Amino acid sequence: MTELWPTISTTSLGAAKRQMDAAIRCLLSTEDPLAVQTLAYASFGLLRDISRTQGASAVRSQLDADAHRFPEKKFWTRFSDLASALKHGDRTAVDVPEEFNEMLLVTNCLLLREIDRLDSAEAGAMWLWFHAAHFINIDDAPDCYWSWIDQHWTRFHSTARQDRLLVAAPLYGSLKNVDIAKYEMTPEHELIPWRLVFQPGRA
């Protein structure tokens, strides 16, 4: 094909990363949350399937363990209902809080860290922002992260989700000039993102 009519070429992992990165860019640009959900869940499906081919997964095991705390498979219904409704015209989704999108994207980051590495500015920004928003320290992060924390840490005390989310955009801008793959970005303790949105009593 000529450059005027380029082809799309990728691998399953490459596609998962590109979909996740596109979802994060949409999220940080306050684009339509349905678009974020569509891209984020498509990436999740690929990452989950790739993870299965590699064997045991702490992330998948934790998802399955938490799902069993809900009656009648209500966890997975809530987890996938909106994505299914966006694929099939004969379904109506239950209401899902918008913060499910960033929870899903961080779940994708967790899976990707098991499979490969976080190696894009988008993934790095999502990962670092989410832990900063929940006041969890990160080891081995880029210098620009610490500068960003110094400048914006008070904004994380806002109770408004949108206010806290907007803080991620300047971090993303800074990380565009950083080789994210060089950093481990290991949190000081485990944060299980879906527990912030889904609880058995509210399923």
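Quantities reported herein were computed from a predicted structural model and do not represent experimental measurements.

Student: Explanation requested: helix 2 (residues 33-53) in the structure shown.
Tutor: Counting along an α-helix, one turn takes 3.6 residues, and residues three or four places apart therefore face a common direction. Relative to the 30 Å expected for 21 residues at 1.5 Å per residue, helix 2 spans 30 Å between its end C-alpha atoms, a close match to the ideal helical length. Listed as buried for helix 2 are Val36, Gln37, Ala40, Tyr41, Ser43, Phe44, Gly45, Leu47, Ile50 and Ser51. Tucked inside the fold, the buried residues of helix 2 contact helix 1 (12-28), helix 3 (58-67), helix 4 (74-87) and helix 5 (99-115). Glycine 55, located one to two residues past helix 2, shows a positive phi value of around 100°.

Student: Even after reading the chapter, I still don't get the confidence of the model for the protein chain, so can you show me in this structure?
Tutor: Detailed reading of the predicted model is not advised wherever pLDDT is low. Taken residue by residue, the protein chain gives an average pLDDT of 91. The fraction at 70 or more is 98%. Per-element confidence in the protein chain is highest for helix 6 (residues 121-133), whose mean pLDDT is 97, and lowest for helix 4, whose mean pLDDT is 85.

Student: Please clarify how the nonpolar core should be interpreted in this entry.
Tutor: Where a protein is soluble and globular, its nonpolar side chains tend to be buried together. Ranked by size, the top nonpolar core spans 62 residues in total, and within it Phe79 and Trp129 carry the most contacts. Those elements that provide at least two residues to this core are helix 1, helix 2, helix 3, helix 4, helix 5, helix 6, helix 7 (143-152) and helix 9 (168-175). Among all residues touching tryptophan 129, those that are not within four sequence positions of it are Glu102, Trp148, Phe156, Arg164, Leu165, Ala168 and Leu171.

The rules we used
- Residues numbered from 1 in each chain as written.
- Predicted model: local features only at pLDDT ≥ 70, side-chain atom pairs only at ≥ 80, totals over all residues.
- Heavy atoms only, no water.
- Helix = DSSP H or I, 4+ residues; strand = E, 2+ residues; numbered from the N terminus.
- Expected span 1.5 Å × (residues − 1).
- Buried < 20%, exposed > 50% of the residue type's maximum accessible area, 1.4 Å probe, protein only.
- Contact = heavy atoms within 4.5 Å.
- pLDDT = per-residue confidence, 0-100.
- Core = buried A, V, L, I, M, F, W, Y, C linked by side-chain atoms within 4.5 Å.

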